[in-house]
There are 2 protein chains.
Amino acid sequence: MPARTIHSELHDRLEIALVSPRNPLNIGAVARAMANFGFSKLAVVAPYAPHWREARSAIGADELLQNAKVSATLAEAVASCTLVVGTGTLTHRKPEQPVVALPDLGPLVQRELAHGGRVAIVFGPEKHGLTREDLALCHLLVEIPTDRQQPSMNLGQAVAVCLYELASRAFSPAKKTHPLPTTPLTDTSAEHDPAAPSADLELLANVVEEAMVAANYSPASMRDANRHDLRLLLRRLAPTKADTRRILGLFRRILWRLNRPQAGN
Amino acid sequence: MPARTIHSELHDRLEIALVSPRNPLNIGAVARAMANFGFSKLAVVAPYAPHWREARSAIGADELLQNAKVSATLAEAVASCTLVVGTGTLTHRKPEQPVVALPDLGPLVQRELAHGGRVAIVFGPEKHGLTREDLALCHLLVEIPTDRQQPSMNLGQAVAVCLYELASRAFSPAKKTHPLPTTPLTDTSAEHDPAAPSADLELLANVVEEAMVAANYSPASMRDANRHDLRLLLRRLAPTKADTRRILGLFRRILWRLNRPQAGN
């Protein structure tokens with residue numbers, strides 16, 4: 001079995017997003033694993049070390065590191081993605097999104113890409129993982145089935161394991177070991193309408209939130225909690241692009257009415 | 001899906017053998033991945049650095065490192081194993097053993113363990129991988145399906161990927177995603193006789209080799225090649241423990257005859 005070129009056009013629609021990685025060696029290890037499995041889109045969010053691009057262990061992955069996209073927030077990094085998958089150890093908190101075991105992630109990613117979508121797999125900082133705020137941008141969480149005694153993986157190893165799973169079971173058209181799940185993840189009655197990218201959902205969330213404030217929906221002390229729940233809700237609903245545009249239109253209209261200086265009715 | 005204890009009695013019958021690892025950080029990373037996936041048996045063969053046990057990145061895996069078995073040769077490290085699986089990039093050489101893609105390894109390992117066997121997964125030094133001599137101790141080779149452009153993985157990442165695959169698909173009794181292969185790997189007509197451990201095969205190989213020399217089977221210049229081919233042959237034949245004992249008895253007898261001082265007959 002000789003080595004093959006496994007990279008395909010599909011691989012370019014999956015990105016790895018690293019939120020505030022601390023150790024440049026880990027960034028290098030991530031880049032190397034990406035190159036091993038044919039992936040090339042790396043997004044680095046608010047990196048800790050200024051010289052992270054010089055990460056030493058990126059054997060054969062220098063170009064990938066040079067082309068990495070940097071942003072200040074995760075929202076920017078995943079703006080164009082239609083399926084955002086968070087990672088992390090779920091030992092200490094109750095997940096607020098659907099959780100999928102890594103061996104079952106392949107078909108979901110495969111389906112999303114087949115429908116023309118873009119996928120991000122998001123990894124948090126080495127020490128404490130993704131914040132609740134970052135997780136609110138995720139449609140679902142993936143769990144690597146590790147041992148309770150030692151659940152927390154090294155960042156470079158966690159990325160390698162995820163990409164191995166996807167490369168062998170979501171990007172390999174020859175073999176489909178998993179049947180497609182019967183309940184589609186982001187399906188709606190409008191079959192041909194693509195899922196809304198993360199940026200559209202953020203825009204919608206912001207307008208809805210403004211409307212909530214303008215409508216005096218809840219006391220100021222509740223705003224952070226509402227903002228969070230709203231983001232989770234939108235991902236769970238997974239509106240299409242057209243849905244999102246429609247709801248946005250509605251809320252803009254509402255907002256305009258709410259902010260209109262009181263005059264008559 | 002809360003984290004579970006995935007370690008089981010079966011996990012203790014799979015060992016990871018590292019041949020001449022150079023970088024203690026990599027040994028630490030291997031130990032950590034082993035702990036993540038519930039494995040504990042680490043064998044280190046001819047380590048390069050004397051202080052490798054102090055490997056820093058072995059978060060939560062100190063005990064595992066302290067208990068690691070050290071040996072001078074791979075033959076010693078895998079002596080008790082009935083299925084020895086070599087790893088490495090197969091780009092530069094034509095494999096002499098059967099090659100299995102990692103996604104297909106689970107059922108073979110599962111079967112071997114179910115029959116009471118012991119399995120070793122062997123990783124070579126970081127730079128050049130396993131030697132031809134080491135590979136001759138392997139029953140089969142496993143290939144991680146990487147991209148031709150960048151086939152060579154970091155050691156810690158390669159181990160993590162292999163253990164993830166096995167932990168999720170060979171050690172998880174709840175789900176069997178792969179059917180068992182129809183042609184058994186080391187099966188013989190004697191169903192209940194366990195496979196011969198590596199040490200028995202080595203003993204047999206040595207006696208056969210002595211017999212070859214004593215019989216003047218081939219010129220001295222061919223001995224290394226013969227020795228190598230003999231080892232490969234024995235793994236391919238995969239004799240049971242009883243088979244091995246029987247063949248050994250035969251060759252011991254032959255050898256005794258060959259070495260007997262010439263007298264009469």
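Residues numbered from 1 in each chain as written. Chains lettered and ligands numbered in written order. Predicted model: local features only at pLDDT ≥ 70, side-chain atom pairs only at ≥ 80, totals over all residues.

Comments concerning the overall build of chain A
Line of reasoning, step 1. Of regular secondary structure, chain A possesses 9 helices and 7 strands.
Line of reasoning, step 2. Counting across all 265 residues of chain A, residues that qualify as buried make up 46%.
Line of reasoning, step 3. When contacts within chain A are restricted to residue pairs at least 6 apart in sequence, long-range pairs at least 24 apart make up 87% of them. (Helix = DSSP H or I, 4+ residues; strand = E, 2+ residues; numbered from the N terminus. Buried ≥ 20, exposed ≤ 12 C-beta atoms within 10 Å, placed from the backbone. Contact = placed C-beta atoms within 7 Å.)

Notes on the relation of the copies chain A and chain B
Line of reasoning, step 1. Superposing chain A onto chain B takes a rotation of 180° plus a shift of 0.0 Å along the axis, which leaves an RMSD of 0.0 Å. Given the turn and translation reported, the copies of this chain are related as if by a two-fold rotation axis.
Line of reasoning, step 2. The share of interface residues of chain A whose copies in chain B are also at the interface is 100%, consistent with both copies meeting through the same surface. (Least-squares fit on C-alpha atoms with pLDDT ≥ 70 in both.)

Description of the domain arrangement of chain A
Line of reasoning, step 1. Splitting chain A by domain gives domain 1 (9-169) and domain 2 (198-259).
Line of reasoning, step 2. Looking at side-chain class alone, the side of domain 1 of chain A that touches domain 2 of chain A contains 8 nonpolar, 3 polar and 2 charged residues. (Domains from an automatic or database assignment. Nonpolar A, V, L, I, M, F, W, Y, C, P; charged D, E, K, R; others polar.)

Concerning the pairing of strand β1 (residues 14-19) of chain B
Each regular strand displays side chains that alternate between the two surfaces of the sheet.
All names here are of chain B.
Line of reasoning, step 1. By the criterion of burial, β1 is predominantly enclosed, with 6 of the 6 residues buried.
Line of reasoning, step 2. Burial along β1 is two-sided: Leu14, Ile16 and Leu18 and Glu15, Ala17 and Val19, pointing in opposite directions, are all buried.
Line of reasoning, step 3. Pairing between β1 and strand β6 (residues 119-123): 5 bridges, direction parallel. Each residue of the ladder has a partner; that of Leu18, found in β6, is Phe123. (Pairing = 2+ DSSP bridges.)

Observations concerning the sheet that holds strand β7 (residues 140-143) of chain A
All names here are of chain A.
Line of reasoning, step 1. Taken in spatial order, the 7 strands make up an open sheet running β3-β2-β1-β6-β4-β7-β5, and their pairing is parallel. Either end of the sheet is taken by a strand with one partner, and the two such strands are β3 (69-71) and β5 (99-101). Between one strand and the next, the sheet's axes are offset by a mean angle of 25°, whatever the strand orientation.
Line of reasoning, step 2. Running over the sheet, helix α6 (residues 155-169) touches β1 (14-19), β4 (83-87) and β6 (119-123) and is turned about 155° from β6. (Axes fitted to C-alpha atoms, helices over the stretch in contact; angles between N-to-C directions.)

Considerations on the packing of helix α4 (residues 105-114) of chain B against helix α6 (residues 155-169) of chain B
All names here are of chain B.
Line of reasoning, step 1. At their nearest, the axes of α4 and α6 sit 9 Å apart, and the two run at 65° to each other. The hand of the α4/α6 crossing is right-handed. Taking contact as the criterion, the partners of Leu105, Gly106 and Val109 in α4 are, on α6, Glu165, Leu166 and Arg169.
Line of reasoning, step 2. When grouped by side-chain class, the residues that make up the contact of α4 with α6 number 3 nonpolar, 1 polar and 2 charged. (Left-handed = near helix turned anticlockwise from the far one by under 90°.)

Remarks on the environment of Pro239(A)
Residues and elements named next belong to chain A.
Line of reasoning, step 1. By secondary structure assignment, the location of Pro239 is in the loop between α8 (223-237) and α9 (241-259).
Line of reasoning, step 2. Take Pro239: there are 22 C-beta atoms within 10 Å of it, and that puts it in the buried class.
Line of reasoning, step 3. In sequence terms Pro239 and Ala195 are 44 residues apart; their C-alpha atoms lie 6.4 Å from each other.
Line of reasoning, step 4. When neighbours within four sequence positions are excluded, Pro239 is seen to be in contact with Ala196, Thr244 and Ile247.

Looking at the packing of helix α7 (residues 198-214) of chain A against α8(A)
Residues and elements named next belong to chain A.
Line of reasoning, step 1. Where α7 meets α8, the axes come as close as 10 Å, and the angle between the chain directions of the two elements is 140°. Here α7 lies oblique to α8, going by the angle between them. When you trace α7 past α8, the crossing you get is right-handed. Between α7 and α8, the residues in contact are Leu201, Leu204, Ala205, Val208, Glu209 and Met212 and Asn226, Arg227, Leu230, Arg231, Leu234 and Arg235, respectively.
Line of reasoning, step 2. The residue inventory of the contact of α7 with α8, partitioned by class, reads 7 nonpolar, 1 polar and 4 charged. (Parallel < 35°, antiparallel > 145°, perpendicular 65-115°, else oblique.)

Some details on the interface of chain A and chain B
Line of reasoning, step 1. In this complex, chain A contributes 40 residues to the contact, which on the side of chain B involves 40 residues.
Line of reasoning, step 2. Those elements that provide at least two residues to the side of chain A that touches chain B are α1 (24-36), β5 and α6 of chain A.
Line of reasoning, step 3. Tallied by class, residues from the side of chain A that touches chain B come to 20 nonpolar, 15 polar and 5 charged.

Structural notes on unusual backbone geometry
Residues and elements named next belong to chain B.
Line of reasoning, step 1. Within the chain, Ser20 stands out as a residue other than glycine whose phi angle is a positive 45°.
Line of reasoning, step 2. Here Ser20 lies in the loop between β1 and α1 (24-36).
Line of reasoning, step 3. In this structure Ser20 comes out as partly exposed when scored by C-beta crowding, with 18 C-beta atoms within 10 Å.
Line of reasoning, step 4. With phi around 45°, Ala46 is a residue other than glycine that occupies positive phi space.
Line of reasoning, step 5. Here Ala46 lies in the loop between β2 (41-45) and α2 (62-66).

Observations concerning the nonpolar core
Line of reasoning, step 1. Counting residues in each nonpolar core, the largest one holds 133 residues, and the members touching the most others are Met34(A), Val122(A), Met34(B) and Val122(B).
Line of reasoning, step 2. What Met34(B) contacts, discounting residues up to four positions off in sequence, is Ile16(B), Phe39(B), Ser40(B), Leu42(B), Ala61(B), Leu64(B) and Leu163(B).
Line of reasoning, step 3. Counting 12 residues, the second-largest nonpolar core is a separate cluster that includes Ala196(B), Val208(B), Ala238(B) and Phe251(B). (Core = buried A, V, L, I, M, F, W, Y, C linked by C-beta atoms within 7 Å.)

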